[in-house]
Amino acid sequence: MRSIYRELRFLSRDRAAILWLGLAFVITLLAVTAGLYEVQSQRSRLMQLLQADRSDRRIVTEKHNDWGSIAYHSFHLTFDAPSPLAFAALGQRELLPWKHRIRMLALEGQIYEADATNPAFTSIGRFDFAFVASNLLPLFVIFLLYGLRSDERAAGRFELLVATAGNGGHLWMTRATVRLGLLALCILSPLVGAAVGEGSPPHLVIFAGSAVLLHLVFWWIVSNEVSRLTQWSSPVLLTALIGLWLWFAVLSPSAIHTVIERLIPLPNGSEILLTQREAVNDAWDLPKKTTMTAFTERHPQWRGQADINQPFEWKWYYAFQQVGDQVTEPLSQQYDSGRLARNHLTTRLSFLAPPMWLEQTLQSLASTDVGAALSYEKSIRNFHAQLRAFYYQKLFEDQPFTAQALEQRPEYSKAHLH
Amino acid sequence: MNTPLSTDIALEAKQLMVVRSGQVVLQQLSFVVEKGQIFALLGGNGAGKSTTLLTFLGFLPPTAGAAYVQGLNVEQHTREVRQAIAYLPEATTLYTHLSAQENLSYLLTLAGRQIDRAAIDKALDTVGLPTRAHAQRLDAYSKGMRQKVAIALALLRETPILLLDEPTSGLDPVAIDELNTLVQNLAAEGRTVLMVTHDVYGACQVADRIALLHNGSLVGTFSASKGAPIDTNTVHTAFKEQTVR
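First things first, this report covers the structure right here in the doc. Everything numeric in this text was worked out from a predicted model, so none of it was measured.

1. Considerations on the overall build of chain A
Moving on, step 1. Check the secondary structure of chain A and you find 17 helices and 2 strands.
Moving on, step 2. Its C-alpha atoms give chain A a radius of gyration of 29 Å, more than 25% over the compact-globule value 22 Å for 418 residues.
Moving on, step 3. Buried positions account for 52% of the 418 residues belonging to chain A.
Moving on, step 4. Contacts in chain A between residues far apart in sequence, at least 24 positions, make up 82% of those at least 6 positions apart.
Moving on, step 5. Surface accessibility of chain A: about 19,700 Å² in total, with carbon and sulfur atoms responsible for 60%.

2. Re the environment of A:Gln305
Moving on, step 1. Structurally, A:Gln305 can be placed in the loop between helix H13 (288-298) and helix H14 (314-349).
Moving on, step 2. Once residues within four sequence positions are removed from consideration, A:Gln305 is found in contact with A:Lys315 and A:Phe396.

3. Remarks on empty space enclosed by the protein
Moving on, step 1. What the rule picks out here adds up to 5 cavities of 30 Å³ or more.
Moving on, step 2. In this structure, the largest cavity spans a volume of roughly 90 Å³.
Moving on, step 3. In this structure, the largest cavity is lined by 13 residues; those nearest its centre are A:Asp80, A:Gln92, A:Arg93, A:Pro97 and A:Ala373.
Moving on, step 4. Its residues placed into classes, the lining of the largest cavity shows 6 nonpolar, 3 polar and 4 charged.
Moving on, step 5. Lining the second largest cavity are A:Leu160, A:Ala163, A:Thr164, B:Ala86, B:Tyr87, B:Leu88, B:Ala150, B:Leu153, B:Ala154 and B:Arg157.
Moving on, step 6. Those elements that place two or more of their residues in the lining of the second largest cavity are helix H8 (158-165) of chain A together with strand E6 (85-88) and helix H5 (143-157) of chain B.
Moving on, step 7. Top element by residues in the lining of the second largest cavity is H5(B). It accounts for 4 residues.
Moving on, step 8. Residues that form the lining of the second largest cavity fall into these classes: 8 nonpolar, 1 polar and 1 charged.

4. Notes on the nonpolar core
Moving on, step 1. Grouped together as the largest cluster of nonpolar side chains are 153 residues, with contacts concentrated most on A:Phe129, A:Leu183, B:Leu163 and B:Ile210.
Moving on, step 2. The leading source of residues in this core is helix H9 (residues 168-198) of chain A, at 13 residues.
Moving on, step 3. Excluding its chain neighbours within four sequence positions, the residues that come into contact with A:Phe129 are A:Thr28, A:Ala31, A:Val32, A:Ala88, A:Ile187, A:Leu188, A:Leu191, A:Val212 and A:Leu362.

5. Observations regarding helix H3 (residues 100-110) of chain B
Moving on, step 1. With 9 of 11 residues buried, H3(B) lies mostly within the body of the structure.
Moving on, step 2. Burial in H3(B) covers these residues: B:Ala100, B:Gln101, B:Asn103, B:Leu104, B:Tyr106, B:Leu107, B:Leu108, B:Thr109 and B:Leu110.
Moving on, step 3. Tucked into the core, H3(B) has its buried residues touching helix H1 (2-11), H8 and H9 of chain A together with helix H4 (117-126) and H5 of chain B.

6. A look at the pattern of salt bridges
All names here are of chain A.
Moving on, step 1. Counting across every chain of the model gives 24 salt bridges over all chains.
Moving on, step 2. Arg 175 is the partner of Glu 7 in a salt bridge, and the nearest nitrogen-oxygen pair spans 3.2 Å. Pair noted here: Glu 7 is in helix H1 and Arg 175 is in helix H9, with a separation of 168 residues, a long-range link.
Moving on, step 3. The class for Arg 175 is buried, based on a relative accessible area of 3%.

7. Details of the interface of chain B and chain A
Moving on, step 1. The interface of chain B with chain A comprises 23 residues on the first partner and 23 residues on the second.
Moving on, step 2. Between chain B and chain A, the buried area comes to about 2,200 Å², and carbon and sulfur atoms account for 61% of it.
Moving on, step 3. Together, B:Tyr95, B:Tyr106 and B:Leu110 form the three largest contributors to the area buried by chain B at its contact with chain A, with a combined 27%.
Moving on, step 4. There are 1 salt bridge connecting chain B and chain A.
Moving on, step 5. In this structure, B:Glu102 engages A:Arg13 in a salt bridge whose closest nitrogen and oxygen atoms are separated by 2.3 Å.

8. Some thoughts on the environment of A:Ser379
All names here are of chain A.
Moving on, step 1. On the secondary structure map, Ser 379 appears in helix H16 (residues 370-396).
Moving on, step 2. The buried category is assigned to Ser 379, whose relative accessible area is 1%.
Moving on, step 3. Placed 249 residues apart in sequence, Ser 379 and Ala 130 show a C-alpha to C-alpha distance of 26 Å.
Moving on, step 4. Side-chain polar atoms of Ser 379 contact the backbone oxygen of Tyr 376, separated by 2.6 Å.

9. Focus: the sheet that holds E6(B)
Two orientations exist for strands paired in a sheet by backbone hydrogen bonds: parallel and antiparallel.
Residues and elements named next belong to chain B.
Moving on, step 1. Judged by pairing direction, the sheet is mixed, and its 6 strands sit side by side in the order E6-E7-E8-E3-E9-E10 without closing on themselves. Edge strands, defined here as strands with exactly one partner in the open sheet, are E6 and strand E10 (217-223). The sheet shows a mean angle of 15 degrees between the axes of neighbouring strands, direction not considered.
Moving on, step 2. Pairing geometry for strand E3 (residues 38-42) and strand E8 (residues 192-197), over 5 bridges, is parallel. Directly across from Leu 42, in E8, lies its bridge partner Thr 197.

10. A word on the side chain of A:Gln321
Residues and elements named next belong to chain A.
Moving on, step 1. Mapping Gln 321 onto the fold places it in helix H14.
Moving on, step 2. Overall, Gln 321 belongs to the buried group, its relative accessible area being 5%.
Moving on, step 3. Residues contacting Gln 321, with those up to four places away along its chain left out, are Met 104, Leu 105, Ala 106, Val 280 and Arg 388.

11. Things to note about the pairing of strand E1 (residues 76-79) of chain A
All names here are of chain A.
Moving on, step 1. Across the two faces of E1 the burial is the same, with His 76 and Thr 78 and Leu 77 and Phe 79 all buried.
Moving on, step 2. Where E1 lies against strand E2 (residues 99-102), 4 bridges are found, and the strand directions are antiparallel. Its bridge partner lying in E2, Phe 79 is registered against Lys 99.

12. Considering helix H6 (residues 173-188) of chain B
Residues and elements named next belong to chain B.
Moving on, step 1. Here H6 is 16 residues long and its end C-alpha atoms lie 22 Å apart, about the 22 Å a rise of 1.5 Å per residue gives.
Moving on, step 2. Those residues of H6 lying buried are Ala 175, Ile 176, Leu 179, Asn 180, Leu 182, Val 183, Leu 186 and Ala 187. The buried residues of H6 occupy an angular sector of 165 degrees when projected down its axis, which confines them to one face. Pointing more than 90 degrees away from the buried face of H6 are the exposed residues Pro 173, Val 174, Asp 177 and Ala 188.
Moving on, step 3. Of the surrounding secondary structure, the elements contacted by the buried residues of H6 are E3, H4, H5, strand E7 (161-165), E8 and helix H7 (200-206).
Moving on, step 4. Among the residues trailing H6, Gly 190 stands out with phi positive, at a value near 105 degrees.

Rules used throughout
Residues numbered from 1 in each chain as written. Chains lettered and ligands numbered in written order. Predicted model: local features only at pLDDT ≥ 70, side-chain atom pairs only at ≥ 80, totals over all residues. Heavy atoms only, no water. Helix = DSSP H or I, 4+ residues; strand = E, 2+ residues; numbered from the N terminus. Rg over C-alpha atoms; globule rule 2.2 N^0.38 Å. Buried < 20%, exposed > 50% of the residue type's maximum accessible area, 1.4 Å probe, protein only. Contact = heavy atoms within 4.5 Å. Areas by Shrake-Rupley, 256 points an atom, 1.4 Å probe, with all protein chains shown as cover. 1 Å grid on protein atoms, 1.4 Å probe; cavity = no way out; pocket = protein on both sides within 12 Å on 5 of 7 lines; lining within 4 Å. Points joined across faces, edges and corners; volume = space filled by probe spheres on them. Nonpolar A, V, L, I, M, F, W, Y, C, P; charged D, E, K, R; others polar. Core = buried A, V, L, I, M, F, W, Y, C linked by side-chain atoms within 4.5 Å. Salt bridge = Lys/Arg side-chain N within 4 Å of Asp/Glu carboxyl O. Buried area = accessible area lost by both parts, 1.4 Å probe. Polar contact = N/O pair within 3.5 Å; in protein donor to acceptor, adjacent residues only side chain to side chain. Pairing = 2+ DSSP bridges. Axes fitted to C-alpha atoms, helices over the stretch in contact; angles between N-to-C directions. Expected span 1.5 Å × (residues − 1). Arc of directions from axis to C-beta.

Coordinates in, geometry out; function isn't part of it.
See the structure below:
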């Protein structure tokens, strides 16, 4: 403890180290604040949308009194509210939509028409805690440690210090521990403070903190070994360590993403949207029987009520919407399974790039990873299937519209996510 | 295994050979420094003087032979050996953003010693550092003042052995005289001093014994006779012969 206190006092006079630590704290604070601001703004947008959503449907109900029109005009808000740790790693919430307004129409196009709202973020990433911990933390470790030995050598103090301490290893270890302990404090205290404010589950915060510490230890080992095994001067060491940072934080993740994209090709959301729109538009010109046959293959229970005798019937209209989904189903499944496969492979290969591993881990803990995005999309499909089941019964059984029966209409809730 | 040595022997180089970057820096170097003795290693640039000190401190492992400090093999007992030695490197650069008091306080804690401020001030007074400078940052110090702080560190560590690398380098004549007096006082207290220098006159003034080093080998030794310092002319002539050759 005495040596820790000694190095703490020593560090308190080291302006460069204090500057780096202060910068680390301020940047983390800004990143956490930006994350908090973003999730707060998402939550308040959700609150407004939820109110507007209910109000819109009430207006539709006042204007219309048949199941087909009500189904057509009613929008339903689906959403994936930010988790209590989402502020730390916004992840896929920046890339993929986390809210939709869906109708009884063909669904797949509705899911993907809002894809890639922020394509710029796919390359640069959001300035959030995960970004700081993954990409900037290594730089702070490097700046705090690279000159630990080499600066003393350059100043002609190295031998004096080691001879005075008796054991150089203990001296450098204590110095590094104090510096990195304070760095960890600067990085983790804003996270913990915000997590407490957000009511994040403690075990998730502990996992997140442990992952950050593990990442910090990795860079400690890298910095320590490079400076221990070489007699390089400080500028050369700094260059070498920045080179390693470039490799692990920039080049490796890029290479991994490129390899994965080559290995697992994906259709994009717009392809699905286009295919579905073409299928739905073509359906207007197809014989109604063709549409209803395709529909009843999936819903045999309505085979007895599938005859269409009028030029326009709502049940035919919704049937061809569903057939549109059926046409795009292989593409959608390929898209989902491809994204899942890419995500699995990315997780595996991320061990080759620790900053990437940390980002993935934090996104997973914050439920903002690809898995969470896919779960949300699945919840939309489940909800939409419930809506269809509700309206199909009314339409195919030709039930009269009543406000009481409408109250039984499914509502999207958090439960759909699980 | 430690070589059993006489309790009167503080330092011993035994058939010492050190190779650095493929070059033989010390070869067959043997000498003994008795306790309380001031021993000067004299030689030109590249003679191996600083290498000898670094070998005694355990920074350079001998390729052959061994170095002993108070009977302990340096390679096997590096930590204990370092605890017994106060080392004053050439052109000492202590932390310039700290004051003399802070430098000493930090370095003494590093050595595992808890010394109060009064003792630090007393040591700084002893080495002749003006009192007003004690609390000043070292970046305002002259080279001689910084050297005095480093010497104060050696004093405060109260180790039985001092290794001084070119201790008078850059000092003014008055400061050199003060340093020589200080070194002699320390020896009188029973401390052993091994200093390396290329200052023939200074070495003759202060040392009990002088060893002349050339290309990593010992080429001559000179001892002071009772009460009289080593003859500067004799040493100087030998020194010139070696360096010209």
